[in-house]
Amino acid sequence: MINRRSLLAAAAASPIAFRAMAQSGAGGKTLTYGQSTAPLTLDPSHGSFSGYPAGYEAALCLYDRVLDFDAKMNIVPGIAESWTIAGDLMSATLKIRAGVKFHDGTACDADAVKFNLERLIDKQRTTTNRPLWDALATADVTDAHTVTIRLKTPFSQLPNSLAHGSAAMVSPAAVAKYGETGIAQNPIGAGPFRMVKFSPGQELLVEAFPDYWGGKPRTDQITFRYIAEAATRVSALRTGAVDVIDNVPVPLVAPLKSDPKIAVIAVPGLRPIGCVINLSRDKLKDVRVRQALNLAIPVETIAEKVFLGFARAPDSPLAFNTQGYHSVAKLKHDPAEAKALLAAAGFGPANKLSLTFNVPVGLFPNDVSVGEIVANALQQAGLDIQINKIEGAAYWETLRQDQANLKWDIAMFGFNPSNASGLYHLNSLFKSNADDAGKPDVWNVGRYRNAEVDALLTKANETAARAQQDALLGQAQDIIWKDAPYIWLQINENISAVRETVKDVEVWPIVFTNMRRAAG
């Protein structure tokens, strides 16, 4: 056995460069967080905290996970105080800390961890996040504080999975009481806060759990309140109606920074935004066409003019601070070269390339504005573009259709690697689907297929040595970038703001604003 992560070795994990957070202060009050989205369900299974990212943000307070992330996205102990991974990556042993209680008073012990892991293994109960859990075969209890996980295949990313939000531990007694679906509205976890009242889609009130194993939280209560409009959230923050807000529009950052009562927290994100290209369309199978689409887009203008410097143009399929990131090549804006490539592929004034372009409304930062810039740039390159603007809540299903029901040629999309792993990101978006005619296995909605990429990702999953794994991921990124299955656009900073009296609010690179250690 080799010790991959332990209480004393957390620093060996992911080298995410930076996550901003306020400094420590006194606690003992109620804080209100004005969220741009609303929690809808609060069960890690059966849809996994729907109302993204609000559901995950609430879950960070209600639940503890097997492992956790620290302030720099390193993997650290959670309910498991230590863990070892076998040298062949086919098993792991978890040592469960003593004295952990669920909010209903029952023990969060090895049996409870086994129960939860089996829920995650079960594809009927946990239908999302499958790349995180498909490698797991069984979870066996050795004693009250030891669980052994057996794997179907070597899986180097197991610690990242165990720190992911979906690894939240739910009370088995509560599942028995409320049922497999009822727990989503009656969350009973082992986190620092317990639920008081939940109005799905509107508001969640939680209070400090006095028996929390890590000590009583420094805030008595937190209200998660849905405030859809950005201007309304900003106004509520300024007046003190709320203490924290997320998703601050970049034009409002400077005015907020000038307010001595407000602190702005901006953190480079791990979610590249782009336009996935539907490779099942014959007209888009020629790589020259896809390269032309990228050459047509003024990505630096988008980063500087639309996002005022709070975004960067990518140079790889992965964001800059993701585990396994490898710089490939800087994007170039060259409309003349784009037209030449289109002409070489058989498209021009007499035979225009026509594309249907789906853009969400309110799902990604400035999605409509960026979408209009993309459409205009493609039109200037000689394409006919039909842009369809789709309400954010309905957008996901337009992407995850079987091939025959895809109504788009290109579609704006951004994947958030919420376990901080570049391997997870690449597997989710670029590993070949089992059946391109059916619905995508994960988020390879464009039906990208490259056997060499598949082999590199499989080998990376079977490789324990970090340097060797990163080298394999670098090769995969080189190939994907050259294949151009996306129109690459920008990587945004995640921007939240707090009242200056509020301390220890954490803004994570993986989109979430974490309130579990907040004080005010």
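Definitions and cut-offs
Residues numbered from 1 in each chain as written. Predicted model: local features only at pLDDT ≥ 70, side-chain atom pairs only at ≥ 80, totals over all residues. Heavy atoms only, no water. Helix = DSSP H or I, 4+ residues; strand = E, 2+ residues; numbered from the N terminus. Buried < 20%, exposed > 50% of the residue type's maximum accessible area, 1.4 Å probe, protein only. Contact = heavy atoms within 4.5 Å. Areas by Shrake-Rupley, 256 points an atom, 1.4 Å probe, with all protein chains shown as cover. Axes fitted to C-alpha atoms, helices over the stretch in contact; angles between N-to-C directions. Left-handed = near helix turned anticlockwise from the far one by under 90°. Nonpolar A, V, L, I, M, F, W, Y, C, P; charged D, E, K, R; others polar. Phe/Tyr/Trp six-rings, centres within 6.5 Å; stacked < 30°, edge-to-face > 60°. Lys NZ or Arg CZ within 6 Å of the ring centre and 35° of its normal. Core = buried A, V, L, I, M, F, W, Y, C linked by side-chain atoms within 4.5 Å. Pairing = 2+ DSSP bridges. Right-handed = clockwise from strand over helix to strand, strands pointing away. pLDDT = per-residue confidence, 0-100. Arc of directions from axis to C-beta. Salt bridge = Lys/Arg side-chain N within 4 Å of Asp/Glu carboxyl O.

Draft legend 1. Examining the overall build of the chain more closely. A tally of helices and strands in the chain yields 15 helices and 20 strands. Oriented by its inertia axes, the alpha-carbon framework of the chain measures out at about 75 × 55 × 40 Å. Going through the 520 residues of the chain one by one, you find that 58% of them count as buried. Long-range contacts, defined as pairs at least 24 residues apart, comprise 70% of the intrachain contacts of the chain with a sequence gap of at least 6. Of the roughly 19200 Å² of accessible surface on the chain, 52% is carried by carbon and sulfur atoms.

Draft legend 2. Fine view of the packing of helix 13 (residues 422–430) against helix 15 (residues 466–483). Where helix 13 contacts helix 15, the axes come no closer than 11 Å and their chain directions differ by 35°. The interaxial crossing formed by helix 13 with helix 15 has left-handed handedness. Residues Leu-423, Leu-426 and Phe-430 of helix 13 lie in contact with helix 15, whose contacting residues are Gln-469, Leu-473, Gln-477 and Ile-480. Along the lines of polarity and charge, the residues of the contact of helix 13 with helix 15 split into five nonpolar, two polar and no charged.

Draft legend 3. Just the packing of aromatic side chains, in detail. Under the criterion given, the structure shown has 19 aromatic pairs. Pairing Phe-49 with Tyr-56 gives two aromatic rings, centres 5.1 Å apart and planes at 80°, and the pair type is edge-to-face. When sorted by exposure, Phe-49 lands in the same class as Tyr-56, which is buried. Measuring from centroid to centroid gives 6.1 Å for Phe-69 and Trp-508, while their planes differ by 85°, and the two rings are edge-to-face. Here Phe-69, found in strand 3 (residues 67–69), pairs with Trp-508, found in the loop between strand 19 (506–507) and strand 20 (513–514); they are 439 residues apart in sequence, far enough to count as distant. The pair Phe-69 / Trp-508 is uniform in exposure class, with both members buried. Connected via pairs of aromatic rings, a cluster forms that spans Phe-49, Tyr-52, Tyr-56, Tyr-63 and Phe-512. Here the basic side chain of Arg-97 rests over the ring of Trp-213, its NZ or CZ set 4.0 Å away from the ring centre. Seen from the ring of Trp-443, Arg-400 lies directly overhead, with NZ or CZ sitting 5.0 Å from the centre.

Draft legend 4. Representation of the nonpolar core. Counting residues in each nonpolar core, the largest one holds 150 residues, and the members touching the most others are Leu-94, Ile-297 and Met-515. Looking at this core, the element that brings in the most residues is strand 13 (residues 262–277), giving seven residues. If we skip the residues at most four places from it in the chain, Met-515 touches Leu-31, Tyr-33, Cys-61, Ile-222, Phe-224, Val-244 and Val-505. Ile-227, Val-234, Ala-236 and Ala-497 belong to the second-largest nonpolar core, a separate cluster that totals 14 residues.

Draft legend 5. Structural detail: the pairing of strand 15 (residues 354–361). By the criterion of burial, strand 15 is predominantly enclosed, with six of the eight residues buried. Where strand 15 and strand 16 (residues 384–391) come together, eight bridges link them in parallel fashion. Pairing of Leu-355 across the sheet is with Ile-385, part of strand 16. Of the crossover connections in this fold, the one passing from strand 15 over helix 11 (residues 367–380) to the parallel strand 16 is right-handed. For strand 15 and strand 17 (residues 410–414), the ladder comprises two bridges, and the chain directions are parallel. Residue pairing across strands places Phe-357 opposite Ile-410, the latter belonging to strand 17.

Draft legend 6. The arrangement of the confidence of the model for the chain in detail. In this model, the chain carries an average pLDDT of 92, and 94% of its residues clear a pLDDT of 70 or more. Below pLDDT 50 for its whole length, residues 1–27 participates in 84 contacts with residues either more than four positions away or in separate chains.

Draft legend 7. Region of the structure containing helix 6 (residues 230–239). Along helix 6, the positions that sit buried rather than exposed are Ala-230, Arg-233, Val-234, Ala-236 and Leu-237. The arc that holds the buried residues of helix 6, viewed along the axis, is 160°, so those residues lie on one side. Exposed positions of helix 6 whose direction lies more than 90 degrees from the buried face are Ala-231 and Thr-239. Its buried side turned inward, helix 6 meets strand 2 (30–35), strand 12 (244–245), helix 7 (253–257), strand 13 and strand 18 (486–499). One or two steps after helix 6, the chain reaches Gly-240, where phi turns positive at roughly 90°.

Draft legend 8. View of the pattern of salt bridges. Counted under the stated rule, the structure contains 25 salt bridges. In this structure, Glu-180 engages Arg-125 in a salt bridge whose closest nitrogen and oxygen atoms are separated by 2.9 Å. Of the two residues, Glu-180 sits in helix 5 (residues 172–182) while Arg-125 sits in the loop between helix 2 (110–121) and helix 3 (130–133), which places them 55 residues apart along the sequence. Classification of Glu-180 as partly exposed rests on a relative accessible area of 24%.

Draft legend 9. Spatial organisation of the packing of helix 13 against helix 14 (residues 451–461). Taken N-terminus to C-terminus, the directions of helix 13 and helix 14 make an angle of 145°; their axes are 11 Å apart at the nearest point. With respect to the hand of their crossing, helix 13 and helix 14 are arranged in left-handed fashion. Between helix 13 and helix 14, the contacting residues are Leu-423, Leu-426, Asn-427 and Phe-430 on the first element and Val-453, Asp-454, Leu-457, Ala-460 and Asn-461 on the second. Its residues placed into classes, the contact of helix 13 with helix 14 shows six nonpolar, two polar and one charged.

Draft legend 10. Expanded view of unusual backbone geometry. Pro-53 follows Tyr-52 through a cis peptide bond whose omega is 0°. Summarising the element assignment, Pro-53 is placed in the loop between strand 2 and helix 1 (54–62). You will see that Asp-504, though not glycine, has its phi angle at about 65°, which is positive. Along the chain, Asp-504 turns up in the loop between strand 18 and strand 19. Residue Asp-504 is classed as buried on the basis of its relative accessible area of 5%. One non-glycine residue, Val-511, lies in positive phi territory at about 85°.

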